[in-house]
Structure formats: C-alpha cells, structure tokens
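# Residue-level structural notes
Residue strings, one per chain:
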Amino acid sequence: MFKIKSSCIYEVYENFILINSIYPKNNKNLQMKPTLVIMAAGMASRYGSMKQIQQFGPGGETIMDYSIYDAIKAGFQKVVFIIRKDFAEDFKAIFEPKLKGRIETEYVYQEMDKYLEGYSVPADRVKPWGTSHAILCAKEAVNEPFAVINADDFYGTDGFQKAAYFLSNGWKPDVYAIIGYILANTLSEHGTVSRGVC
C-alpha cells in the first residue's frame, strides 16, 4: 500500500473530489452535516470487471469502504450511491450489512434516458453519461451540502477532513471548492500502475 499526500491546490488530476452545495431552502439546512455522493455507475470497461465492488482489503474491503470510513470519521452524515439498476442487488448486498447503523444510505440510479428533455439516447449508446449527468440523477436525494467522489479512487483521510470542514463552515450558495492532489504525491513507490491495478 502506498501513501497519498493531499494539498489544497487549484490543480485537477485524475483523482479528484468535486465539492458542491445545494442551495438551502431554509436556515435549518445550514445546520445539516454534509452528504457524500459516490459515483459508482461506471462500466469499468478498461478494467475488465466491476472495480466499484472489487474486494482487495484484508477483510474483503473495497476502495469505497475506505472512503466511507474516512467520511464518517470526518463528520459526513449520509452517503448517496449513484449506481445502475442492473447491479443494484449485488451492490446493496455488499454495502448494506456493513453500513447499517453507521451512516444513512440512499441509492439513486443513473439511467440513460433521465434528464434528457429534448434529446434522445443514440441506439448504440451503452455506457452511462458522464459526471454532470450522474450528479443530476442524485438531486432528489441530496438536500444538504455535499461532496462528490469516484467509487474507484482513493482519497485519504485528509481529503475528507478538508471537504467536511469546508461544507460545514465555508460554503455559500455561490461558493464551491475542489480538493486537488499533487500528481507526484499520488504515484506508487512500487512501480507503474494501470488504471488502479497494482
């Protein structure tokens, strides 16, 4: 396992945490703890299997398990998973037993024809739409300040602490933030990697 050091810089690389906020409808929302939105609907076509639920830790942990653990420690109160319906049962079977009683969970589906008013899905389109569409699919489930992460990237404790602090103290309706990582600090000391396969 290699260490990743994070730094609040305005550079964006392959690993990112996109931090955003929902405009509060009333003052009560200002007291809410932040929500973690995890984008896990990708098809992992380059990886060759569903890396979102690939277990590699000593107790069968996924990368998401580490992210959620760090998020809970940092003060996040809810996690919203953006997934596809076709693997929803397998996905929930893995995470529900682990998270029950630890953090509130909700699931939303990134469906191809959702929020495409005036447009149609190309006949040969198989892969889900991108990041913006995924987040849009979660809008009904998120009523708090929130951070968005990829399911298959490792961010480290420091990233979640910075995100939680910003979302609890520094955000405003017109203020957003992104936590970037210095590329040199994300590289493995054990040689090259190929899309997460060490």
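Nothing here was measured: the structure is a model prediction, and the numbers come from that model.

### Structural notes on the overall build of the chain
For the chain, the count of helices and strands is four helices and six strands. For the chain, the succession of helices and strands along the chain, N to C, is β-β-α-β-α-β-α-β-α-β. Expressed as a percentage of the 198 residues in the chain, the buried residues total 40%. In the chain, the share of contacts with a sequence separation of at least 24, taken over all contacts with a separation of at least 6, comes to 78%. Summed over its atoms, the accessible surface of the chain is roughly 11600 Å², and 52% of this surface lies on carbon and sulfur atoms.

### Some thoughts on the confidence of the model for the chain
Averaged over all residues, the pLDDT of the chain equals 77, while 75% of them reach at least 70. Note on residues 18-30: pLDDT under 50 across the span, and 38 contacts to partners over four residues away in sequence or across chains. Low pLDDT, under 50, characterises residues 45-49; the predicted model gives this stretch seven contacts beyond four residues in sequence or across chains.

### Considerations on the environment of D152
In this fold, D152 is placed in the loop between β5 (146-150) and α4 (157-170). Take D152: its relative accessible area is 24%, and that puts it in the partly exposed class. On a C-alpha basis, the gap between D152 and M39 in space is 8.8 Å, while along the polypeptide they are 113 residues apart.

Reading the values: the criteria
Residues numbered from 1 in each chain as written. Predicted model: local features only at pLDDT ≥ 70, side-chain atom pairs only at ≥ 80, totals over all residues. Heavy atoms only, no water. Helix = DSSP H or I, 4+ residues; strand = E, 2+ residues; numbered from the N terminus. Buried < 20%, exposed > 50% of the residue type's maximum accessible area, 1.4 Å probe, protein only. Contact = heavy atoms within 4.5 Å. Areas by Shrake-Rupley, 256 points an atom, 1.4 Å probe, with all protein chains shown as cover. pLDDT = per-residue confidence, 0-100.

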